[in-house]
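Examination of the molecular architecture
The lines below spell out each chain.
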2 protein chains.
Amino acid sequence: MSVESNKPKLEVCLSPALLHLFDVKNSIVVIIDVLRATSTICTALHNGAAKVIPVASVEECVNIGKQLNAITAGERDGQIAAGLEHGNSPFEYSRDFIEGKVLVLTTTNGTKLLHMATDAIQIVTGSFPNISAVCDYLVAEGKNVILGCAAWKDRVNMEDTLFAGAVVSRIKEHFAVDCDSAIGAENLYAAAKDDLFEFMKGASHFQRLARFGLEEDIKYCLTPDGANVLPLFKNGELIAG
Amino acid sequence: MSVESNKPKLEVCLSPALLHLFDVKNSIVVIIDVLRATSTICTALHNGAAKVIPVASVEECVNIGKQLNAITAGERDGQIAAGLEHGNSPFEYSRDFIEGKVLVLTTTNGTKLLHMATDAIQIVTGSFPNISAVCDYLVAEGKNVILGCAAWKDRVNMEDTLFAGAVVSRIKEHFAVDCDSAIGAENLYAAAKDDLFEFMKGASHFQRLARFGLEEDIKYCLTPDGANVLPLFKNGELIAG
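Since this is a predicted model, take the numbers as computed values, not measurements.

**Quick word on the overall build of chain A**
Within chain A, the regular secondary structure consists of 10 helices and 10 strands. For chain A, the C-alpha radius of gyration of 17 Å lies close to 18 Å, the compact-globule estimate for 241 residues. Taking the principal axes of its C-alpha atoms as reference, chain A extends roughly 50 × 35 × 30 Å. A buried classification covers 60% of the 241 residues belonging to chain A. When contacts within chain A are restricted to residue pairs at least 6 apart in sequence, long-range pairs at least 24 apart make up 77% of them. When the accessible surface of chain A is totalled, it reaches about 9200 Å², and 47% of it is carbon and sulfur. Across chain A, the centroid of the 21 positively charged side chains sits 2 Å from that of the 30 negatively charged ones.

Put into structure tokens, the structure is as follows:
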């Protein structure tokens, strides 16, 4: 995988604390928060949500929810945050419930990274449930790509790295990959792909979520193409591309 | 690999830009700069250097070298830096040359991380040529450990991650490993270990060094126990432990 200057670059940023090392302005940035923000975002849009508005704080979530008469959602420490109506589980956003509605979602890690990357050519969000939509888009655009892992309070995490690696393995021939994080993530995905759920049992976030009985959430979030839509960030909102 | 609170923690910090996320003060920190600073440091000490003084700037290197009548060494962009006498290759530091002498060494990535970690219980340096000495020490001490990758201008690199993974794979049963970077590094090492040199051919730093004809350096730096001594950082100097 050497530099091929005629191809756009494909890089992986393993933590928001490393984003300043990348040329965000000249890249498409994929925000990755597999457990569970970006899995829930594509699920809501796939099931017909009009849009998803990602916000940083619970207060902002409440205020925008009132203004727009929207559904408010978000968790802190694994519980629905005080003042909000719904949580972070993709299973809460069935078509019956979400179709035609606006969802205001507050998450800590994913939203933080998204707001750090607003200089990008375009921001999209990715997770296993929409991996094909993301990969098709990136190949079709043919621009530099940064796969941005939301991580966990800036600490590198397994699930976001695995998704980045899955994307690298799918689309690398269309890009120049001169980034050790990308090569590492791809190798990690290769080691894990036969049973991602089993592999994830060793990871720190799995333990956190499993304590809340969320193993079905995790399985869904690791399964390709269950909600295969492309969330595009435009004017502060995520809409189906 | 779940948390076992009766064991000390073993964590991997993939870049100096992430070090603030770790509890440096209550840990032993292993500085890892495989290509080539920490490989050269253990080689010089193994071959009888009295001590190695790591400094950040070429100017400091020149000044301390004069004061101590020491050997000065360091590279910038793959060339011996102006004003210094020697480079970063471990092959420059044979016993004939270095025994009994003081080496003042300036490197960018490794030295930077080392000086960021001076609050640690103890700093040591590690690379494949002294992996057994490092592992034996960490197990014997039984304290929290941060394997600190020097990386490349804060960007995560392959060789330092692989060394961290090799250490995790050797000593993990003595520690609680609740760190996705550690688990990821270990898996990466498992994928690479049958032929580290071949695996490294895909990595960004390999390309940089190979352009300078340094493939023999790389092979040496990836080979276990060629200079199996423990460099301990005390009062600004690295001495053989």
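Having put the structure on the table, let's press on.
**Some thoughts on the packing of aromatic side chains**
Applying the stated criterion across every chain yields a total of 8 aromatic pairs over all chains. Measuring from ring centre to ring centre gives 6.0 Å for Tyr93(B) and Phe97(B), while their planes differ by 45 degrees; the resulting arrangement is tilted. It is Arg155(A) that lies over the ring of Phe22(B); its NZ or CZ is 4.2 Å from the centre. We note Lys219(A) situated over the ring of Phe197(A); from NZ or CZ to the ring centre the distance is 4.9 Å.

**Structural notes on the relation of the copies chain A and chain B**
Once chain A has been moved 0.0 Å along the axis and rotated by 180 degrees, it coincides with chain B to within an RMSD of 0.0 Å. Between the two chains, the operation in question is that of a two-fold axis. Proximity to the rotation axis, assessed at the C-alpha, singles out Leu188(A) in chain A; its C-alpha lies 3.0 Å from the axis. When you check the interface residues of chain A against chain B, 100% turn up at the interface there too, and the contact is symmetric in its surfaces.

**Overview of the interface of chain A and chain B**
Contacts between the two partners involve 28 residues from chain A, matched on the other side by 28 residues from chain B. Applying the counting criterion to the chain A and chain B interface returns 2 salt bridges. Ionic pairing is found between Arg155(B) and Glu11(A), a salt bridge with its closest N-O pair at 3.0 Å. Put simply, chain A and chain B have 4 residue pairs in polar contact (both at pLDDT 80 or more) between them. Listed by contribution, the elements that provide at least two residues to the side of chain A that touches chain B are helix H6 (158-171) and helix H7 (180-192) of chain A. Take the side of chain A that touches chain B: its biggest share by element is 6 residues, from H7(A). When the residues that make up the side of chain A that touches chain B are grouped by side-chain class, the tally is 13 nonpolar, 8 polar and 7 charged.

**Quick word on the packing of H6(A) against H7(A)**
Residue and element names in this part refer to chain A. One can describe the packing of H6 onto H7 by two numbers: an axis separation of 7 Å at closest approach and a directional angle of 95 degrees. The angle between the axes of H6 and H7 places the two elements in the roughly perpendicular class. Packed against H6, whose contacting residues are Met 158, Thr 161, Leu 162, Ala 164, Gly 165, Ala 166, Val 168 and Ser 169, the element H7 presents Ala 182, Ala 185, Glu 186, Leu 188, Tyr 189 and Ala 192 at the interface. The class makeup of the residues in the contact of H6 with H7 is 10 nonpolar, 3 polar and 1 charged.

**Quick look at the pattern of salt bridges**
This model, assessed by the stated rule, comprises 20 salt bridges over all chains. Where Glu141(A) meets Lys143(A), a salt bridge forms, and the shortest distance between an N and an O atom there is 3.4 Å. Classification of Lys143(A) as partly exposed rests on a relative accessible area of 35%. For Arg36(B), the salt bridge goes to Asp217(B), with nearest N and O atoms at 2.8 Å. Of the two residues, Arg36(B) is situated in the loop between strand S2 (28-32) and helix H1 (37-46) and Asp217(B) in helix H10 (residues 215-221); the sequence distance between them amounts to 181 residues. Of the two residues, Arg36(B) and Asp217(B), both sit in the buried class. Bridged by salt links that share partners, the residues Arg36(A), Glu75(A) and Asp217(A) form one connected network.

Criteria and cut-off values
- Residues numbered from 1 in each chain as written.
- Chains lettered and ligands numbered in written order.
- Predicted model: local features only at pLDDT ≥ 70, side-chain atom pairs only at ≥ 80, totals over all residues.
- Heavy atoms only, no water.
- Helix = DSSP H or I, 4+ residues; strand = E, 2+ residues; numbered from the N terminus.
- Rg over C-alpha atoms; globule rule 2.2 N^0.38 Å.
- Buried < 20%, exposed > 50% of the residue type's maximum accessible area, 1.4 Å probe, protein only.
- Contact = heavy atoms within 4.5 Å.
- Areas by Shrake-Rupley, 256 points an atom, 1.4 Å probe, with all protein chains shown as cover.
- Lys, Arg positive; Asp, Glu negative; His and termini not counted.
- Charge placed at Lys NZ, Arg CZ, Asp CG, Glu CD.
- Phe/Tyr/Trp six-rings, centres within 6.5 Å; stacked < 30°, edge-to-face > 60°.
- Lys NZ or Arg CZ within 6 Å of the ring centre and 35° of its normal.
- Least-squares fit on C-alpha atoms with pLDDT ≥ 70 in both.
- Salt bridge = Lys/Arg side-chain N within 4 Å of Asp/Glu carboxyl O.
- Polar contact = N/O pair within 3.5 Å; in protein donor to acceptor, adjacent residues only side chain to side chain.
- Nonpolar A, V, L, I, M, F, W, Y, C, P; charged D, E, K, R; others polar.
- Axes fitted to C-alpha atoms, helices over the stretch in contact; angles between N-to-C directions.
- Parallel < 35°, antiparallel > 145°, perpendicular 65-115°, else oblique.

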